[in-house]
Amino acid sequence: MRLVNSLTTMQRLALRWRRRGLRVGLVPTMGSLHAGHLSLVRQARRRVGPAGRVVVSLYVNPTQFAPHEDFAGYPRELEEDRRRCRAAGVDVLWVPADAEMYPGGPSGGPSTWVSEENLSRRMEGRARPTHFRGVATVVTKLFNVVLPTVAVFGAKDYQQAAVVRRLTRDLNFPIEVVVAPTVREPDGLAMSSRNRYLSPAEREQATVLWQAIEHVQRRVAAARRSLRSSQLAAEVRRLIQARPSVRLDYVEFFAPETLQPAPQVSPGTHMALAVWVGRTRLIDNARLEERR
Ligand code: AMP
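Residues numbered from 1 in each chain as written. Predicted model: local features only at pLDDT ≥ 70, side-chain atom pairs only at ≥ 80, totals over all residues. Heavy atoms only, no water.

### Structural notes on the sheet that holds strand β11 (residues 280–287)
Applied cut-off: For two strands to be treated as a pair, DSSP must find no fewer than two bridges joining them. What counts as a helix is a DSSP run of H or I of at least four residues, what counts as a strand is a run of E of at least two, and both are numbered from the N terminus. A fitted line through C-alpha atoms serves as each axis, taken over the contacting stretch for helices, and the angle formed by two N-to-C directions is quoted from 0 to 180°.
With antiparallel pairing, the 3 strands of this open sheet are ordered in space as β8-β10-β11. Each having just a single partner strand, β8 (246–254) and β11 make up the two edges of the open sheet. In this sheet, neighbouring strand axes are inclined to one another by 15 degrees on average, regardless of whether the strands run parallel or antiparallel. Where strand β10 (residues 270–277) meets β11, 8 bridges bridge the pair, whose relative direction is antiparallel. Looking at β11, one finds that M271 is bridged to A286.

### Here we look at the sheet that holds strand β4 (residues 92–94)
Strands sit in the order β1-β4-β3-β2-β5-β6 across an open sheet of 6 strands; the sheet is parallel. The open sheet has two edge strands with one neighbour each: β1 (2–4) and β6 (176–180). Along the sheet, successive strands turn relative to each other by an average axial angle of 25 degrees, direction set aside. Relative to strand β5 (residues 150–154), strand β2 (residues 24–29) runs parallel, the two being bridged by 2 bridges. Opposite L26, over in β5, you have A151 as the bridge partner.

### Structural notes on the pattern of salt bridges
For clarity, the threshold we go by: Here, a salt bridge means any side-chain nitrogen of Lys or Arg that lies within 4 Å of a carboxyl oxygen of Asp or Glu.
This model, assessed by the stated rule, comprises 17 salt bridges. The salt bridge partner of R219 is E235, with a shortest N-O separation of 2.8 Å. In this pair, R219 sits in helix α9 (residues 208–222) while E235 sits in helix α10 (residues 229–241), placing the two residues 16 residues apart along the sequence. Overlapping salt bridges bring together E77, D81, R84 and R196 as one network.

### So, the pairing of β6
Every other side chain in a regular strand lies on the same face of the sheet, so the side chains alternate between the two faces. The test is simple: Handedness rule for crossovers: strands pointing away from the viewer, path from the first strand over the helix to the second running clockwise, crossover right-handed.
Looking at chain direction, β5 and β6 are connected through 5 bridges and run parallel. Residue pairing across strands places V152 opposite V178, the latter belonging to β6. Where the polypeptide runs from β5 across helix α7 (residues 158–170) and back to β6, its parallel neighbour, the crossover connection is right-handed.

### Considerations on α7
Stated formally: The span one expects for a helix is its residue count, reduced by one, times 1.5 Å. Burial classes follow relative accessibility: with a 1.4 Å probe on protein chains only, a residue under 20% of its type's maximum area counts as buried, one over 50% as exposed, and anything between as partly exposed.
In this model α7 runs 18 Å from its N-terminal to its C-terminal C-alpha over 13 residues, within 8% of the 18 Å that 1.5 Å per residue would give. Among the residues making up α7, those that are buried are Y158, Q159, Q160, A161, A162, V163, V164, L167 and T168. Directly after α7, the chain includes N172, whose backbone phi takes a positive value near 60 degrees.

### A short note on the domain arrangement of the protein chain
Stated formally: For the domains described, the bounds stem from an automatic or database domain assignment. Throughout, a contact is declared for two residues whenever any of their heavy atoms are within 4.5 Å. Summed over both partners, the accessible area lost on bringing two parts together, with a 1.4 Å probe, is the buried area. By the criterion applied in these results, polar contacts are pairs of N or O atoms within 3.5 Å in which, for protein atoms, one can donate a hydrogen and the other can accept it, and in which residues neighboring in sequence qualify only through two side-chain atoms. In this count, Pro and Cys sit with the nonpolar residues alongside Ala, Val, Leu, Ile, Met, Phe, Trp and Tyr, while Asp, Glu, Lys and Arg are called charged and the others, Gly among them, polar.
Taken domain by domain, the protein chain comprises domain 1 (2–180) and domain 2 (193–287). Taking only C-alpha atoms into account, the centre of domain 1 sits 27 Å from that of domain 2. On the domain 2 side, the residues contacting the 25 residues of domain 1 number 20 residues. A per-residue breakdown of the area domain 1 buries against domain 2 is headed by R122, M123 and Y158, which together make up 36% of the total. Across the pair E252 and R122 runs a salt bridge, and its minimum N-O distance is 2.6 Å. Along the contact surface separating domain 1 from domain 2 lie 13 residue pairs in polar contact (both at pLDDT 80 or more). Looking at the side of domain 1 that touches domain 2, the elements that each hand over two or more residues are α5 (124–127) and α7. Across the side of domain 1 that touches domain 2, the residue classes break down as 10 nonpolar, 7 polar and 8 charged.

### Here's the deal with helix α1 (residues 7–19)
Keep this limit in mind: Taking the helix axis as origin, the arc is that swept by the directions to the C-beta atoms.
An ideal rise of 1.5 Å per residue puts 18 Å on 13 residues; α1 measures up with 18 Å between its terminal C-alpha atoms. All of the buried residues along α1 are L7, M10, L13, A14 and W17. Burial along α1 is one-sided: seen end-on, the buried residues are contained in an arc of 125 degrees. Among the exposed residues of α1, those oriented more than 90 degrees off its buried face are R12 and R19. Contacts made by the buried residues of α1 are with β1, β2, β3 (53–58), β4, α4 (98–101) and α6 (131–146). Taking the backbone nitrogen of T8 as reference, a side-chain oxygen 3.2 Å away marks S6 as the first, capping residue of α1.

### Here we look at the nonpolar core
Across soluble globular proteins, nonpolar side chains have a tendency to be buried as a group. Threshold: The criterion is simple. A nonpolar core is a set of buried Ala, Val, Leu, Ile, Met, Phe, Trp, Tyr and Cys residues joined through side-chain atoms within 4.5 Å.
Core analysis: the biggest nonpolar cluster contains 43 residues, and M10, V55, W94 and F143 have the highest contact counts within it. Those elements that place two or more of their residues in this core are α1, β2, β4, α6, β5, α7, β8 and β10. In terms of residues, this core owes the most to one element, α6, which gives 9 residues. Counting residues in each nonpolar core, the second largest holds 26 residues, with V216, V246, L248 and A286 among its members.

What follows is the structure, given as structure tokens:
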């Protein structure tokens, strides 16, 4: 496995691969890799085949964090990530430097942004108004440098994957966007680099995200007709209020493609929620199914 820092080197490599007609899979990450990330690497390998190239980008992108968020404290463990990528059969781990990604600095630097203006507005976008502009901009930059055939994202960040799909279509990137299922801990908590912020007591309370999803899954599977989303939201709120360290940010029920709110919930509706566990913000989501 090759570790590349320079953006120019990465772009030259990508152009060489393109001239040779190789398939290239890209897995964008912010590092502190866990089994969820590694499942995306496996998907990428499956899509490009043994002769293709798999690139993991590792970049804690400053423009997707608001000033009060956890950019400075975000876990960084390059050596471990390097080992994990090598073991997972990654061809290139690309770790760009801020100075090349945002010459002039993230705040004073770019005057060109990529901004998806529909799917970005709700849920995470309401809580974090500049977040998806940062994500869309950095993903566009990663696409332009790595020139992937396939890019793999996790369903864990469902709205992000929807925004990326949309920008890929709107900007005519010749890239297949693959969304891979959420990988969970044995007790249902979605794996996340941010889980390491949790104290043991908070970690235990964080299972309420999955319990809320399971509760709604059971209600939807047992119902003979659609359920009111306001009713289900109230039930989720009650479940969460029973955990003293957990505060609900939002719970939403919506159409899986358009992300438009669904006043009535039935199989196929999607559910997403965000909570604060102490000082850590966690998100999760699921498609609600007919039968479990
Ligand atoms: P991050 O490093 O958190 O920015 O995540 C990088 C990619 O990994 C994103 O596409 C995430 O959706 C995906 N990802 C993060 N956690 C999981 C998980 N538990 N299961 C599957 N994919 C995940």
